[in-house]
Amino acid sequence: MNSSLAFYQNLGMALSLLVIGTFLLAGMVKGVIGLGLPTIAMGLLGLAMAPAQAAALLIIPSTLTNLWQLAFGGHLRALLKRLWPMLLAIFVGTGAGALWLGIEGGHWVVRGVGAALLLYALSGLLLPTLRVSPAQERWLAPLCGLVTGVITSATGVFVIPAVPYLQALGLNKEQLVQALGLSFSVSTLALAAGLLWRGTLGGAELGASVLTLAPALLGMWLGQWLRQRISALLFKRGFFIGLGLLGGHLLISG
C-alpha cells in the first residue's frame, strides 16, 4: 500500500486526479455500451504520461471488469470452442510484439495510440455491418488475433481489429457482450505479461492499478443507471466522435 501511495505522490495531485477522473469516465462508458474502459484510459492518460505507465494502471480494473462481463450469459464454453484460434493468436501476437516493439518507446508510441484510437472510432462510425462466413472465419480468426496482439503490445489498445471481427460473426447481444469480455480479458492478461517481462509492471504499479478499481466500478454503476435513461445508440455515436478527436490529437501532437 505504501508503494502504491508513493506512486501517486510521485505523480502529483493534478495527475492523480486525472487518473481518478479517467477511470470514472471510462467505467461509465463501459457501463453504458459494454466496452471502452481501457481504450479511454489509454487515450486520456496518454495525454499526460508514458503509455507504458498508463497501460500498467489499467491492468486490474480492465481484468476484473472484463472477467465479470464474460462470467454471465451462459455461452462461455461455446465461445471458447469457437474463438480459441483468435484468443491464442492474441497471446502470440502480444508476446511477439513485446519482444519486438514494446510500449516504452517515445513519441511514436503515443502516435501509435492515437492512430489506433482514430482507426477504431472511424470503424465504429463508418464501417457497415459485415458478416464473416464459416470458411472465412477459419483463417480470419487467427489473423485478427495476431494483429490485435501486436497492436496491443505496442499501444495498450486492444480493440482493433478484434471488435469489428467479433461484431461480424452474427452473435446475438448476450453472446457478443460475453465474447467481448473474453477477448478483452485475454488481451489484458497478455498485455500484463508483456509489461512484466519488459520490467514496466511491478508491485508499485499493480498496487496503483488496484486503487483505480474503485472509480472504475463507480463509473460502471453510474453508466448502468444512465443506460436506462438515454439512447445507447446516441451515446455510442458521441463516444466514437470523442474518441476520434482524441486519437487525432494524439496522432498529430505525439
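Before going into details, it helps to say that this report is about the structure given with it. Keep in mind that what you see is a predicted model, and the values were worked out from it rather than measured.

Orientation of helix α5 (residues 76-100) relative to helix α9 (residues 173-197), taken along the N-to-C sense of each, is 25°, at an axis distance of 9 Å. With respect to their mutual orientation, α5 and α9 come out roughly parallel. Seen from above, α5 lies across α9 with right-handed handedness. Facing L76, L79, L80, L83, M86, L87, I90, F91, T94, A98 and L99 of α5, the residues of α9 in contact are Q175, Q178, A179, L182, S183, V186, S187, L189, A190, L191, G194 and W197. Looking at the contact of α5 with α9 residue by residue, the classes come out as 17 nonpolar, 6 polar and no charged.

Let us look at the side chain of S123. Along the chain, the position of S123 falls in helix α6 (residues 107-126). Not counting chain neighbours up to four residues away, the residues in contact with S123 comprise I160 and P164.

What follows concerns the packing of aromatic side chains. The tally for this structure, following the rule as stated, stands at 3 aromatic pairs. Here the aromatic rings of Y120 and F240 are separated by 5.3 Å at their centres, their planes lie at 75°, and the arrangement is edge-to-face. In this pair, Y120 sits in helix α6 while F240 sits in helix α12 (residues 232-253), placing the two residues 120 residues apart along the sequence. Accessibility assignment for this pair places Y120 and F240 in one class, buried. Their ring planes at 50° and their centres at 5.1 Å tell us that F239 and F240 sit as a pair that is tilted. Both residues of the pair, F239 and F240, count as buried. Pairwise contacts between aromatic rings join Y120, F239 and F240 into one cluster.

Checked against the element boundaries, L88 lands in helix α5. Considering only alpha carbons, one finds L88 and F235, 147 residues apart in sequence, at a separation of 33 Å.

If you look at soluble globular proteins, the nonpolar side chains tend to sit buried side by side. Counting 64 residues, the largest nonpolar core has F23, M49, L83, Y120, Y165, L166 and F239 as its most contacted members. The dominant element in this core, judged by the number of residues it contributes, is α9, at 9 residues. Excluding its chain neighbours within four sequence positions, the residues that come into contact with F23 are L37, A41, L45, L57, L58, P61, T212, P215 and A216.

About the thresholds
- Residues numbered from 1 in each chain as written.
- Predicted model: local features only at pLDDT ≥ 70, side-chain atom pairs only at ≥ 80, totals over all residues.
- Heavy atoms only, no water.
- Axes fitted to C-alpha atoms, helices over the stretch in contact; angles between N-to-C directions.
- Helix = DSSP H or I, 4+ residues; strand = E, 2+ residues; numbered from the N terminus.
- Parallel < 35°, antiparallel > 145°, perpendicular 65-115°, else oblique.
- Left-handed = near helix turned anticlockwise from the far one by under 90°.
- Contact = heavy atoms within 4.5 Å.
- Nonpolar A, V, L, I, M, F, W, Y, C, P; charged D, E, K, R; others polar.
- Phe/Tyr/Trp six-rings, centres within 6.5 Å; stacked < 30°, edge-to-face > 60°.
- Buried < 20%, exposed > 50% of the residue type's maximum accessible area, 1.4 Å probe, protein only.
- Core = buried A, V, L, I, M, F, W, Y, C linked by side-chain atoms within 4.5 Å.

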